[in-house]
Amino acid sequence: MTEATIAEQEGAAALAKTFEPAGLESKWYAHWEANGLFRPERPDAAPFTIVNPPPNVTGSLHIGHALDNTLQDVVIRYERLRGKDALWVVGTDHAGIATQMVVERQLEARQDKRTNYTREQFVDKVWEWKAESGGTITSQLRRLGCSMDWSREQFTMDPHFTKAVVKVFVDLYNRGLIYRDKRLVNWDPKLKTAISDLEVESREVKGHMWHFKYPLAGGETYTYVERDAEGNVVLEEERDYIAIATTRPETMLGDGAVAVHPDDARYAPIVGKLCEIPVGPKEHRRLIPIITDEYPDPTFGSGAVKITGAHDENDFGVAQRNGIPMYRLMDETATMRTDGAPYAEAAARAKAIAGGEKASASEIDALNLVPEAYRGLDRYEARKKVVADIDADGLMIKVEDKIIMQPFGDRGGVVIEPMLTDQWYVNAAELAKAPIAAVRSGAIEIVPKTWEKTFFNWMENIQPWCVSRQLWWGHRIPAWYGSDGKCYVAESEAEAQAKAGADVTLSRDEDVLDTWFSSALWPFATLGWPEADAPLVAKHYPNDLLISGFDILFFWDARMMMMGQAMTGQNPWKRLYLHGLVRAADGQKMSKSKGNVVDPLGLIDKYGADALRFFMCAMESQGRDVKMDERRVEGYRNFATKLWNAARFCMANGITGSTSVSAPAANSAVNRWIIGEVVETVAALDQAMADLRFDAAANAIYHFVWDQFCDWYIELIKGSFDDETRAVAGWVLDQILVMLHPFMPFVTEELWHALGARSAELIVAEWPAPQAGVDAAAKAEVEWLIALVSNLRGAKNELGIAPGARLEAYLPEPSAATRAIIEANPAAIERLARLSAIHFAPAPAGAAMQIGAGDASLIVPLEGVIDIAAEKARLEKALAASEKEAKSLEGRLSNPAFAEKAKPEAVEKARADHAHHRAEATRLAAALARLG
């Protein structure tokens, strides 16, 4: 046995016979991180920067995280291989509400509660929790293979980040862009805090629509006339009331007006009149005006809408536009208010205000218009009593059962109450101007471009951004108040005291900032801003790219644009890539209630991280959601196994890793062809990555590895392992591992080391630069051979001929090029096509099949090979069956009743079956045609 043979066998033995991802994943991740390979020292390299959307510190990896972080890792590994100083900023968000809830639940489990502690003591307990349990998601991101710069892991409550948050708040306040105001917010009665729209889930629930009479003041009447579309009178009657409908009768107590559309002729006689709210002690019932506004829809319900500005978002807008007072009815737990003056006194004052007397916003807010009989009741108990009392007065017209959309807090799990409260706001309309201009000019590119319309529509109609939360955990608002209520905003209490004067006693604002406020600073605060000496800011800001789900375009992405421009004068990044959601296999949104949630860690345990990552990339098509398909994940595990086995075969035949990025010299057509295929694949990958077409990139490398390299090149070189072929095969395998590494980092790193490739670690190797072209003659020659073998194998399969059966072929008048290919590749033709000979002569008479390859049509005699008559009969029977089934399915699909009434999955299956039988019929017809 020669030394070379021993080395070959030892090399193959270095790889286990079976590909098992679990062990090598943990091994290589630990190696990369321990050796600082996620951000190697490259001081002179061009920067490339991505910031990771910081997951909640309370979170765990879900399938959406898996998609988002896989795409980012593919990009960062790609740019690192291209020699960039590739920085992927990683960290977690302090997640104010979620984290406070976790710690409060722990206390409750011990029969303890937050209010047993001072604010400072409770915050200390949160930090203790973070130290013990706050790293779950970061360990899970490691399992996915995310090559983040863990040496600089960030947290939104770190001291340097807190300093940045405070500075931004103070600067914006001083510029008049942050202010305190009383506006309507999403109020969570369980958590007792305002929450953002993103933290509200709208669900369909069974509810009711109550229709009530609001009597006109002084017993006035009017002629109510309804007309049809042609103007004909369909109802005419004298009324002493205006009818309204509501799903929340308890809010009637805070009504400030009834509104109708200015073009609604039915109510024209009573616009400007007063009507009575039909609830509460009769002697104190309030009168409110009937006004016009564009908001009411004359075709919906009665066309009249009660306006309760303190408890409904649409009503709030109407009240603002028309100067209607907004009366708050509930406290922080959604219980009917018990504070303030007696109802008789409050109602009298409200009547005076409705009559035109002036009142300040603070006086209106202080008025408690809840009658004593309802004070202290839960909102739903109050609803029952209000309805019963109105019904007892004979003022209820009807009640309808109705499915309504109801807002729930995603954390507290209770129905959200729109509430008028004092909060801190950012002038988002002003801050939105620069981002709008940046996207319009192309300074920020949104990919896919179809999201631009949505972006502009939202940004151009943006509302003030509520940034305060009633929590203990978070960045406390840097505002202090004197005893007279005067506010002093400063970066420290000492500065606030200096502004107020030494004799003023200050108390700090109790609220904290919304976490979206602090995370909006992520692209620059994580790099050291606002420190004067911040080299990372100078080099890595603006970032190059942001990848995020489209669902946080406005909650996070747009706000980063606002803060980036407002605080640095620059856009936070040059490109924004918005990916879709990962949905269940049937296209439904995943949710725990539906039981269709997929655990990415379970998929990693079963198939490996590489397989899950490749699935995510292959399925990520711009503008579309990803449908979960575990069979595809399994298929990509098989893809990794195929590469593994190909590498073992190569190593067993003396093929090792390449020592050069450039392609080796090659004379044989098959070697020149595969070098050209590498060149084309590199170009396709580079173009796909430039366009952020992850599916196209995955498709390009997949088909090159599976089809060109494993299925054809290895087959074509079997039995001819000369020095040239070994050099070319080793170089191609080297190029494959580098190109595939961003998608499948673990298996490629393992194979790289087993092959003894050109650099210590694949993760910091050099991206392919073949410095060779595509050899057209070699490409034509090999593609001719591939076509011959593929078509002959397919024809054998159609006609039931054994794959290994050796046949003869005839080609009477070959072109010079075809003849040269045949004469140059007799061994490959015999071994792969199982043709014992190709005769350049006419074929003998009798049944035969024709096989196309390039410009040639080879004739393969079948006499004596198969029973022609029996085969024809078999094919004709199968063809008739397929055509019959296809026709039946076509009839079912063309029936509108089937498409409308059948379940979507049944329709989809019918379409798939129809396509299958049509394709089968075509194939069988072609097979019959071959037999003549």
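Heads up: the structure comes first, above all this text.
Residues numbered from 1 in each chain as written. Predicted model: local features only at pLDDT ≥ 70, side-chain atom pairs only at ≥ 80, totals over all residues. Heavy atoms only, no water.

## Some words on the overall build of the protein
Condition: What counts as a helix is a DSSP run of H or I of at least four residues, what counts as a strand is a run of E of at least two, and both are numbered from the N terminus. Throughout, the Shrake-Rupley method with a 1.4 Å probe supplies accessible areas, and for residues the shown protein chains are the sole cover considered. Charge assignment in this entry is limited to Lys and Arg as positive and Asp and Glu as negative, and neither His nor the chain termini are counted. Note on charges: their place is set at NZ of Lys, CZ of Arg, CG of Asp or CD of Glu.
Counting its secondary structure elements, the protein contains 32 helices and 31 strands. Counting only C-alpha atoms, the protein reaches 115 × 75 × 55 Å along its principal axes. If you sum the accessible surface of the protein, you get close to 40200 Å²; carbon and sulfur atoms cover 50% of it. Each charge class in the protein was averaged separately, 103 positive and 132 negative side chains, and the resulting centres sit 2 Å apart.

## Some details on unusual backbone geometry
Our working rule: Burial classification: accessible surface area is computed with a 1.4 Å probe over protein chains only, and a residue below 20% of its type maximum counts as buried, one above 50% as exposed, and the rest as partly exposed.
The peptide bond linking valine 447 to proline 448 adopts the cis configuration, its omega dihedral lying at -5 degrees. When you line up the elements, proline 448 lands in the loop between β17 (445–447) and α14 (451–460). The amide bond that connects tryptophan 529 to the next residue, proline 530, takes the cis arrangement and shows omega of 15 degrees. With respect to the helices, strands and loops of the structure, proline 530 is situated in the loop between α17 (522–525) and α18 (535–540). In this structure, arginine 834 is a non-glycine residue whose phi angle is positive, near 55 degrees. Counting through the fold element by element, arginine 834 comes out in the loop between α29 (826–833) and β29 (835–839). Judged by relative accessible area, arginine 834 falls into the partly exposed class, the value being 27%.

## Describing the side chain of threonine 515
Filter applied, for reference: Between two residues, a contact is recorded if the distance between any of their heavy atoms is within 4.5 Å.
Here threonine 515 lies in helix α16 (residues 515–519). Its relative accessible area of 14% is what places threonine 515 among the buried residues. Among all residues touching threonine 515, those that are not within four sequence positions of it are Asp93, His94, Ala95 and Gly96.

## Quick notes on the pattern of salt bridges
Cut-off, in case you're wondering: Note on definitions: salt bridges are taken to be side-chain nitrogens of Lys or Arg within 4 Å of carboxyl oxygens of Asp or Glu.
All chains considered together, the criterion is met by 53 salt bridges. Between glutamate 677 and lysine 779 there is a salt bridge; the shortest N-O distance is 2.8 Å. Highlighted residues: glutamate 677 in helix α23 (residues 669–690) and lysine 779 in helix α27 (residues 776–798), separated in sequence by 102 residues. Here the two residues glutamate 677 and lysine 779 agree in accessibility, since each one is buried. Overlapping salt bridges, with partners in common, bring together Lys182, Arg328, Asp365 and Asp422 in one network.

## Remarks on the sheet that holds strand β14 (residues 304–307)
Sheets are built from strands that pair by backbone hydrogen bonding, the pairs being arranged parallel or antiparallel. What counts, and what does not: When DSSP finds at least two bridges between two strands, those strands are taken to pair. Under this scheme, a helix contributes an axis fitted over its contacting stretch, all axes are lines through C-alpha atoms, and angles between N-to-C directions fall in the 0 to 180 degree range.
Reading across the sheet, the four strands line up as β12-β13-β11-β14 and stay open at both edges, with mixed pairing between neighbours. Each of the sheet's edge strands pairs with one partner strand only, and the pair in question is β12 (274–276) and β14. Here the strands of the sheet are splayed against their neighbours by 35 degrees on average, with no regard to which way each runs. Looking at chain direction, strand β11 (residues 257–260) and β14 are connected through four bridges and run antiparallel.

## Here we look at the environment of threonine 292
By the secondary structure assignment, threonine 292 is in strand β13 (residues 287–292). Measuring from C-alpha to C-alpha, the distance between threonine 292 and methionine 689 comes to 56 Å, with 397 residues separating the pair along the chain. Apart from the residues lying within four places of it in its own chain, the contact partners of threonine 292 are Val260, Pro262, Val271 and Asn322.

## Digging into the packing of α23 against helix α25 (residues 723–740)
To keep it simple, the criterion reads: Any angle that falls under 35 degrees is termed roughly parallel, while one over 145 is termed roughly antiparallel, one within 65 to 115 roughly perpendicular, and all others oblique. Crossings are assigned a handedness: left-handed for a near helix turned anticlockwise from the far helix by less than a right angle, right-handed for a clockwise turn. Throughout, the ten residues Ala, Val, Leu, Ile, Met, Phe, Trp, Tyr, Cys and Pro are labelled nonpolar, Asp, Glu, Lys and Arg are labelled charged, and all others, Gly among them, are labelled polar.
Look at α23 against α25: their axes get within 10 Å of each other, and the N-to-C directions meet at 15 degrees. Judged on the interaxial angle alone, α25 and α23 are roughly parallel. The handedness of the crossing between α23 and α25 is left-handed. Within the contact between the two elements, α23 uses Asn671, Ile674, Ile675, Val678, Thr681, Val682 and Leu685 and α25 uses Glu724, Thr725, Val728, Trp731, Val732, Gln735 and Met739. Its residues placed into classes, the contact of α23 with α25 shows nine nonpolar, four polar and one charged.

## A look at the pairing of strand β30 (residues 848–853)
Regular strands place their side chains on alternate faces of the sheet. As paired strands, β30 and strand β31 (residues 856–861) are joined by six bridges and run antiparallel to one another. Within the sheet, the bridge partner assigned to alanine 848 lies in β31 and is proline 861. Hairpin geometry of β30 and β31 is characterised by an intervening segment of two residues between the two adjacent antiparallel strands and by a positive phi of about 60 degrees at glycine 854.

## Section: the packing of aromatic side chains
Keep this limit in mind: Pairs were defined over the aromatic rings of Phe, Tyr and Trp, the Trp ring being its six-membered one, requiring ring centres within 6.5 Å. Orientation was assigned from the angle between planes: stacked under 30 degrees, edge-to-face over 60, tilted for the rest. We call a charge positioned above a ring when the Lys NZ or Arg CZ atom is no farther than 6 Å from the ring centre and deviates by at most 35 degrees from the ring normal.
Going through the model one piece at a time under the given rule, you end up with 33 aromatic pairs. For the pair tryptophan 465 and phenylalanine 517, a centre-to-centre distance of 6.0 Å together with 45 degrees between the ring planes defines the contact as tilted. Of this pair, tryptophan 465 sits in strand β18 (residues 465–466) while phenylalanine 517 sits in helix α16, and the two are 52 residues apart along the sequence. Judged by centre distance (6.2 Å) and plane angle (45 degrees), the ring pair of phenylalanine 614 and tyrosine 702 falls under tilted. Placement of phenylalanine 614 in helix α21 (residues 609–619) and of tyrosine 702 in helix α24 (residues 694–717) is noted, with a sequence separation of 88 residues between them. Ring pairing ties together the aromatic residues Phe614, Tyr636, Phe639, Tyr702, Trp706 and Phe743, which thus form one cluster. Positioned above the aromatic ring of tryptophan 150, the side-chain terminus of arginine 142 is 3.8 Å from the ring centre. The lysine or arginine in question, lysine 213, covers the ring of tyrosine 241, its NZ or CZ lying 4.8 Å from the ring centre.

## What to know about the layout of surface pockets
The following threshold applies: A pocket, in this scheme, is an open set of points on a 1 Å grid over the protein atoms alone with protein on both sides within 12 Å along at least 5 of 7 lines, while a cavity is a set where a 1.4 Å probe fits but cannot get out; residues line either one if an atom lies within 4 Å of a point. Grid points are joined across faces, edges and corners, and a volume is the space filled by probe spheres set on the points.
Taken as a whole, the second largest pocket spans an internal volume of roughly 1100 Å³. Within the residue set of the lining of the second largest pocket, elements represented by two or more residues are β5 (178–188), β7 (200–215), β10 (241–246), β14, α8 (313–322), α11 (379–392), β15 (396–409) and β16 (417–426). Ranked by the residues each element gives to the lining of the second largest pocket, the list is headed by β15, at six residues. Residue composition of the lining of the second largest pocket, by class: 18 nonpolar, twelve polar and twelve charged.

## Describing the sheet that holds β7
Pairing is antiparallel across the open sheet formed by three strands, whose spatial order is β10-β7-β15. Edge positions in the sheet fall to β10 and β15, since each of these pairs with one other strand and no more. Within this sheet the neighbouring strands show an average axis-to-axis angle of 20 degrees, counted without direction. By the bridge criterion, six bridges tie β7 to β10 in an arrangement that is antiparallel. Bridging from a neighbouring strand, proline 215 pairs with tyrosine 241 of β10. Against the sheet, α11 contacts β7 and β15, and its axis sits at roughly 25 degrees relative to β7.

Any link to function would need more than the numbers given here.
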